[in-house]
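What follows is each chain in one-letter form.
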Amino acid sequence: MSLDFSVVIPARFASTRLPGKPLQDIAGLPMIQHVWNQARRSSARQVVVATDDARILEACRRFGADALLTAAEHNSGTDRLAEVAAQLGLAADAIVVNVQGDEPLIPPAVIDQVAANLAAHPEAAIATLAEPLSEAEQLFNPNVVKVLSDIDGLALTFSRAPLPWAREAFAAGRQALPAGVPFRRHIGIYAYRAGFLADFVGWGPCWLEEVECLEQLRALWHGQRIHVADALEAPPAGVDTPEDLERVRRLLGQAQ
């Protein structure tokens, strides 16, 4: 029996570093259309764009996407996701995958993977993905989120700080990573159950997520488990800056 799940793509117009990001042209199409196309190649039953802006809504409808207008005051994509789950009337146990609207190169295989992982782990409220870290520069970069998991693949914590701290090795130097330590980078794709989304939004932010600026820490703070697996296919980096946008334009332009 095939897995039944939905994909929701939160897409905000406002962006400090790249205003109007979802509508930026990449190889003749708005970025949000590339994300939608990739999500449509997954096994999802439906793919819905959730936006706070009528311009994005109209663009999505022009290329045939299901799109919903959500409240402008949401603080996060998860808040927007919860509103869409309610608008769609999804059952409490329905699986929803959050695909970021600035991931035009997201591999469909990882969308399927994270949905299947949540279905296979009823003890977890969330499923997400990671990949091995191999460079010291990434470990010490606060823009790269690190994750530690337990023996069952459930997250212990996430942080922008280096995790774990290899005390003896780093006392000697930080130019290279010590061998035998499974440093991992968190990949920001999530699967949730629709009923959990309502709880998550209702809790409101906790101090730890606000300090780290990592929303997933709210779930751990409330005693919920997050399943973490290494991605079957490492997603290329998303689009956060004008430089990222040019890089993706070159990649997709060459692919045509």
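Since this is a predicted model, take the numbers as computed values, not measurements. The residue count restarts for each chain, going from 1 along the sequence in the order it is written. Per-residue local features are limited, in this predicted model, to residues with pLDDT of at least 70; the limit for side-chain atom pairs, both in listing and counting, is 80 or more; totals at the level of whole chains, interfaces and linings are taken over all residues. Hydrogens and water molecules were not included; the side-chain quantities draw on all heavy atoms of the structure.

**Some words on the side chain of Glu212**
Where helices and strands are cited, they refer to DSSP runs of H or I of at least four residues and of E of at least two residues respectively, numbered from the N terminus. Looking at the element boundaries, Glu212 is found in helix α8 (residues 207-212). For the buried Glu212, no salt bridge exists, and the shortest N-O distance to an oppositely charged side chain is 5.0 Å, to Arg160. With sequence-adjacent residues up to four places away left out, Glu212 is seen in contact with Phe158, Ser159, Arg160, Ala161 and Leu217. A simple rule labels every residue: compare its accessible area, found with a 1.4 Å probe on the protein chains alone, to the largest value its type can have, and call it buried under 20%, exposed over 50%, or partly exposed in between. Working convention for charge: Lys and Arg count positive, Asp and Glu count negative, and His plus the chain ends are omitted. Any Lys or Arg side-chain nitrogen found within 4 Å of a carboxyl oxygen on Asp or Glu counts as a salt bridge. Only heavy atoms enter the contact rule, under which two residues are in contact if any of them lie within 4.5 Å.

**Describing the pattern of salt bridges**
Applying the stated rule across the entire model yields twelve salt bridges. A salt bridge links Glu246 to Arg249, with the nearest nitrogen and oxygen atoms 2.6 Å apart. Here Glu246 and its partner Arg249 are both found in helix α10 (residues 242-255), three residues apart, which amounts to about one turn of the helix. Residue Glu246 is classed as partly exposed on the basis of its relative accessible area, which comes to 37%. The network of salt bridges with shared partners includes Lys21, Asp102 and Asp240.

**A few points about the pairing of strand β10 (residues 184-193)**
Summarising burial for β10: eight of the ten residues are buried, a large majority. Pairing of strand β7 (residues 126-132) with β10, which is carried by seven bridges, proceeds in the antiparallel orientation. Counterpart to Thr128 in the pairing with β10 is Tyr190. Two strands make a pair as long as DSSP finds a minimum of two bridges between them.

**A short note on the packing of aromatic side chains**
Planes of paired rings set the category: under 30 degrees apart is stacked, over 60 is edge-to-face and the rest tilted, where pairs are Phe, Tyr or Trp rings (Trp by its six-membered ring) whose centres lie within 6.5 Å. As enumerated under the stated definition, the model contains eleven aromatic pairs in all. Measuring from centroid to centroid gives 6.3 Å for Tyr192 and Phe196, while their planes differ by 15°, and the two rings are stacked. When its relative accessible area of 8% is taken as the criterion, Phe196 is described as buried. For the pair Phe196 and Trp203, a centre-to-centre distance of 5.8 Å together with 70° between the ring planes defines the contact as edge-to-face. Its relative accessible area of 31% is what places Trp203 among the partly exposed residues. Through pairs of rings, three or more aromatic residues link up here, namely Tyr190, Tyr192, Phe196, Phe200 and Trp203. Should the NZ of a Lys or the CZ of an Arg lie within 6 Å of a ring centre and within 35 degrees of the ring normal, that charge is described as sitting over the ring. In this structure, Arg55 packs its charged tip against the face of Phe13, placed 3.7 Å from the ring centre.

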